[in-house]
Amino acid sequence: MKTIDGQILKQLFLSGANNLYNHYPEIDQLNVFPVPDGDTGMNMNLTLTSGAKEIQNKNDENIFEIAKCFSKGLLMGARGNSGVITSQIFRGFSQALEGKGEIGAKELASAFVKGKDVAYKAVMRPVEGTILTVIRESSLALENEVKGKKEMSIEDALDFLLAEAKKSLAHTPELLPILKEVGVVDSGGAGLCVVIEGMDKAAHEQFVERSDAGDAAKELSASSVLAAPAYAGAKISEDEEGYGYCTQFILRLGKQEDGKKPFIEKKFQNFLATHGKSLVLVRDEDIVKVHVHTLYPGSMLNYAQNYGEFLTITIENMSEEHENISHGDNATDMASNIERSKKDLIEPKEEPLKDYGLIAVSSGPGLDEMFKELGADYIVSGGQTMNPSSGDFIDAINKVHAKNVFIFPNNSNIVMAASQACDVVADSPTLARVVPSKTIPQGMVSLMQFNPELSPEEIFSAMKGALKTVRSGSVTYAIKDTDIEGVHITKGYYMAMKDGHGIVSCVQDKFKALRDLAKASVDENTSILTIFYGEDVSEEEGKKVGEDLAKLFPDIDLDVRSGGQPIYSFLLGVE
Amino acid sequence: MAVDKISPYGGINITLEAIASVAGEAASECYGVVGLASKNSLRENINELLKKGDYVKGIYCRGDKKKGYEVGVYLYVAYGVKITEVVSEVQKKVRYVLEKTFSIPFPKVDVYVQDIKEIE
């Protein structure tokens, strides 16, 4: 394509907007500045959608008309900082096209440069390391490139722009310290890259359609953030219809030694929900109260008994009731029953404070369980990419309901949020302390120091002391090509990282990466090596890893467990 | 007027100038804001962008410990931006930066758009 007209530009814009729609939840997760509310992706998406709506039904051949309408739509629908900046970029873009019918690569480049100029004019002190940097660097690079060449197709121009924008985006953490601190790239800049990517794809005749994956992913991310496994509130399935047996029971969860399976609430809940209706499930530590309507109460009880023993069971045939009693009465009665059973367990928790409460941050079902096994009362889910807020910790502290609360953030990024939460609850009878554990293995070892016989101060110092005895490392995959500390990183390869000592190696095979890491971490004083394998490693592979390492280090106690954590293939703790 | 705080080590006294300069700094970094304006511009008939040292002229801060403190920011915005969004971003950012810097709650941030400047 040498030139584009209004209709093609319209396709480019629509494709860009759709691409953003498909990816905005990922962008939300990058958001850190100035208020960590995680809405940049959403804001940009609303802005772009408003622009797309404006040109949807435009059939102008004239490129200026389309660009003008698009920019007007963006202006009207601008949301948030990044949205306003995006609207300014395209306002400049459209101004540059005035009086033109169709444009080539040269005009396209100068339109982007004009967009950059206008965007920069609307702020007295531009902050670098943001979407502004991305548009400035990429548009100027494109302008240079076009100048140097006699002829350039639109496809090539957009390819080039996209590549430059990505390069610039990757550089944003160097310019804006807060990004580096949190370990992300700028979210607005990322949004712009996604838009350009959509435009580029459309130029290559791969028009991006709106997929509902965007919504699905959003739900997913929302739910994984909200998931608080240890103490979930009541959950009522939407469907209140249907008869069968009204089955209610209270289950006391058993220990693994007694042949009981470890209780995983999600799994349990899913099973009940697929076999019954009107599910209400309330958990308070080791007591689970269930109310469910099912056709087969027996199978439900059998299943539940795998996890513990029943304290009480009530089963009533509702079809009979339905025939005998008027439905209305029954329904309200049941509704109030549900309400009551919810209240019983959730609201009036005027119990005296426990002496101690332990809160750990973890991600992955295996790790969650491990922490609970070690005595954590409450798990806050979070990790490298998903940092829990102070509010999450305050909730957790309130729910644990104890005089002395110890928090294990297990990640250096989360220590601050946890300490802030402790300050907030300083007035309450609860005394919360943060044990500054920076990694999961550190948190585990430190948690093991818990001894209720000692005074809180003694426990705290024992826990802090234990942090120093653990060295940890991790294996994860590289998301881009780069060089760090003299190690060449190839995208998709596995990096072995020793905490505090940077990257040990980067190889294609994750098992080799683990061996490298283990060799680098173990010394003559090492006595225990703990490995948690992540969700991408199967059980057999995990076993094999254990055998391999046992050969390598015959003198060391080896503990290989499934952690189920995302992102990190292996976490390593050395004591 | 100044803001007083007590820490375990003694008292802390923060002047309005300090708050104003932090608030001005934050506001001026916001996208769409082309400058701060003097809050007395009508009376003094000065209609120009404030310089960095003069931010205090474009900002007020009042209130007390009980009710909380409130801040007002007088500014100019660029022509062609969505003013509601710019203003709400200014409010969010000023409040965030002030609370982070001083650890005092600022429940109210008022923004006064004094003019729209076309900069070409």
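Bear in mind the structure is a predicted one, so any value in this text is a computation, not a measurement.

> Describe the overall build of chain B, listing the residues and the values that go with them.
Helix and strand counts for chain B come out as three helices and six strands. Going residue by residue from the N terminus, the α and β elements of chain B occur as β-β-α-β-α-β-β-α-β. Evaluated residue by residue, chain B yields a buried proportion of 44% over its 120 residues. Sequence-distant contacts in chain B: of pairs separated by 6 or more residues, those separated by 24 or more amount to 66%.

> Can you break down the overall build of chain A residue by residue, with the values?
The helix and strand inventory of chain A stands at 21 helices and 18 strands. Taken over 575 residues, chain A has a buried fraction of 51%. Taking as baseline every contact in chain A between residues at least 6 positions apart, the subset at least 24 positions apart corresponds to 70%. Taken as a whole, chain A presents about 26400 Å² of accessible surface, with 51% of it coming from carbon and sulfur.

> Mind laying out the pattern of salt bridges, listing which residues take part and the relevant values?
A full pass over the atoms with the stated rule returns 22 salt bridges over all chains. A salt bridge links Lys 116 of chain A to Asp 117 of chain A; the nearest nitrogen and oxygen atoms lie 3.0 Å apart. Through salt bridges that share partners, Arg 62, Glu 70, Lys 108 and Asp 110 of chain B make up one connected network.

> Account for the packing of aromatic side chains, with residues named and values stated.
All names here are of chain A. According to the stated counting rule, one finds 17 aromatic pairs over all chains in the structure shown. Between Phe 406 and Phe 460, the aromatic rings sit 6.2 Å apart at their centres with planes inclined by 20°, giving stacked as the arrangement. On the criterion of sequence distance, the pair formed by Phe 406 in strand S9 (residues 402–408) and Phe 460 in helix H19 (residues 456–469) is long-range, its members being 54 residues apart. Considered together, Phe 406 and Phe 460 belong to a single accessibility category, that of buried residues. Here the aromatic residues Phe 13, Phe 70, Phe 90, Phe 93 and Phe 112 are joined through ring pairs into a cluster of three or more. Above the plane of the ring of Phe 460 lies Arg 433, whose end atom (NZ or CZ) is 5.5 Å from the centre.

> I'd like a description of the interface of chain B and chain A, backed by residues and values.
Contacts between chain B and chain A engage 24 residues on the former and 27 residues on the latter. Carbon and sulfur atoms supply 55% of the area buried between chain B and chain A, which totals about 2200 Å² over both sides. In terms of surface lost to chain A, no three residues of chain B exceed Tyr 31, Lys 82 and Tyr 96 of chain B, which account for 32% of the buried area on that side. At the junction of chain B and chain A, the tally comes to zero salt bridges.

> Please set out unusual backbone geometry residue by residue, giving values where relevant.
Of note, His 401 of chain A is a non-glycine position whose phi angle comes to about 60°, a positive value. Unlike most non-glycine residues, Ser 103 of chain B shows phi in positive territory, near 55°. Within the element layout of this structure, Ser 103 of chain B appears in the loop between helix H3 (83–102) and strand S6 (108–117). Taking relative accessible area as the criterion, Ser 103 of chain B reaches 53% and is therefore assigned exposed.

> Tell me about the packing of helix H4 (residues 80–96) of chain A against helix H5 (residues 105–121) of chain A, residues and numbers included.
Residue and element names in this part refer to chain A. In contact at an axis separation of 7 Å, H4 and H5 are set at 135° when each is read in the N-to-C sense. By the angle class used here, H4 and H5 are oblique. For the pair H4 and H5, the crossing hand works out as right-handed. Here H4 contributes Gln 88, Ile 89, Arg 91, Gly 92, Phe 93, Gln 95 and Ala 96 to the contact with H5, which in turn contributes Leu 108, Ser 110, Ala 111, Phe 112, Lys 114, Gly 115, Val 118 and Ala 119. The class makeup of the residues in the contact of H4 with H5 is eight nonpolar, five polar and two charged.

> Would you mind going over helix H3 (residues 63–77) of chain A in detail, with residue names and values included?
Residues and elements named next belong to chain A. With 15 residues, H3 ought to run about 21 Å at 1.5 Å a step, and its terminal C-alpha atoms sit 21 Å apart, in line with that. Those residues of H3 that sit buried are Ile 63, Phe 64, Ile 66, Ala 67, Cys 69, Phe 70, Ser 71, Gly 73, Leu 74 and Gly 77. Capping the start of H3 is the job of one residue whose side-chain oxygen sits 2.7 Å from the backbone nitrogen of Phe 64: Asn 62.

> Got a sec to walk through the sheet that holds S9 of chain A? Specific residues and values, please.
All names here are of chain A. The strand order across the open sheet built from four strands is S8-S7-S9-S10, with neighbouring strands paired in parallel fashion. In this open sheet, the two strands that pair with only one neighbour each are strand S8 (378–381) and strand S10 (431–434). Geometrically, the sheet is characterised by an average inter-axis angle of 20° between neighbouring strands, direction not taken into account. The pairing of strand S7 (residues 354–362) with S8 spans four bridges and is classified as parallel. If you follow Ala 360 over to S8, its bridge partner there is Ile 379. Of the strands in this sheet, S7, S8, S9 and S10 are in contact with helix H16 (residues 390–400), which crosses S7 at around 145°. Across the sheet, H19 touches S7, S9 and S10, and the angle it forms with S9 is around 5°.

> Describe the sheet that holds strand S15 (residues 502–507) of chain A, listing the residues and the values that go with them.
Residue and element names in this part refer to chain A. Sheet architecture is open: six strands sit in the order S15-S14-S11-S18-S16-S17, paired in mixed fashion. The outermost strands of the open sheet, each flanked by one partner alone, are S15 and strand S17 (557–562). The average undirected angle you get between the axes of adjacent strands in this sheet is 15°. Of the strand pairs in this sheet, strand S16 (residues 528–533) and S17 are connected by six bridges, and their pairing is parallel. In the sheet register, Phe 532 faces S17, and the bridge partner there is Arg 561. Docked against the sheet, helix H20 (residues 510–521) engages strand S11 (471–477), strand S14 (494–498), S15, S16 and strand S18 (568–574), running at close to 15° with respect to S18. Strands in contact with helix H21 (residues 539–552) are S16, S17 and S18; relative to S17, the strand with the most contacts, it is inclined by about 170°.

> Could you give me a rundown of the confidence of the model for chain A, with the residues and numbers involved?
Caution is warranted with low-pLDDT regions, since their predicted coordinates should not be read in detail. Residue and element names in this part refer to chain A. Averaged over every residue, the pLDDT of chain A is 79; residues scoring 70 or more account for 86%. Taken together, the stretch residues 213–242 has pLDDT below 50 and engages in 62 contacts with residues farther than four places along the chain or on a different chain. Below pLDDT 50 for its whole length, residues 325–333 participates in three contacts with residues either more than four positions away or in separate chains.

> Which residues make up H4 of chain A, and what values go with them?
Under the 1.5 Å per step criterion, the end-to-end length of H4 of chain A is 25 Å for 17 residues, consistent within 8% with the ideal 24 Å. Counting buried positions over the 17 residues of H4 of chain A gives 14, a clear majority of the element.

> Let's hear about the environment of Ile 264 of chain A: which residues, and what values?
Mapping Ile 264 of chain A onto the fold places it in the loop between strand S3 (245–253) and helix H11 (265–275). Using a relative accessible area of 31% as the deciding quantity, one classes Ile 264 of chain A as partly exposed.

Conventions used here
- Residues numbered from 1 in each chain as written.
- Chains lettered and ligands numbered in written order.
- Predicted model: local features only at pLDDT ≥ 70, side-chain atom pairs only at ≥ 80, totals over all residues.
- Heavy atoms only, no water.
- Helix = DSSP H or I, 4+ residues; strand = E, 2+ residues; numbered from the N terminus.
- Buried < 20%, exposed > 50% of the residue type's maximum accessible area, 1.4 Å probe, protein only.
- Contact = heavy atoms within 4.5 Å.
- Areas by Shrake-Rupley, 256 points an atom, 1.4 Å probe, with all protein chains shown as cover.
- Salt bridge = Lys/Arg side-chain N within 4 Å of Asp/Glu carboxyl O.
- Phe/Tyr/Trp six-rings, centres within 6.5 Å; stacked < 30°, edge-to-face > 60°.
- Lys NZ or Arg CZ within 6 Å of the ring centre and 35° of its normal.
- Buried area = accessible area lost by both parts, 1.4 Å probe.
- Axes fitted to C-alpha atoms, helices over the stretch in contact; angles between N-to-C directions.
- Parallel < 35°, antiparallel > 145°, perpendicular 65-115°, else oblique.
- Left-handed = near helix turned anticlockwise from the far one by under 90°.
- Nonpolar A, V, L, I, M, F, W, Y, C, P; charged D, E, K, R; others polar.
- Expected span 1.5 Å × (residues − 1).
- Polar contact = N/O pair within 3.5 Å; in protein donor to acceptor, adjacent residues only side chain to side chain.
- Pairing = 2+ DSSP bridges.
- pLDDT = per-residue confidence, 0-100.

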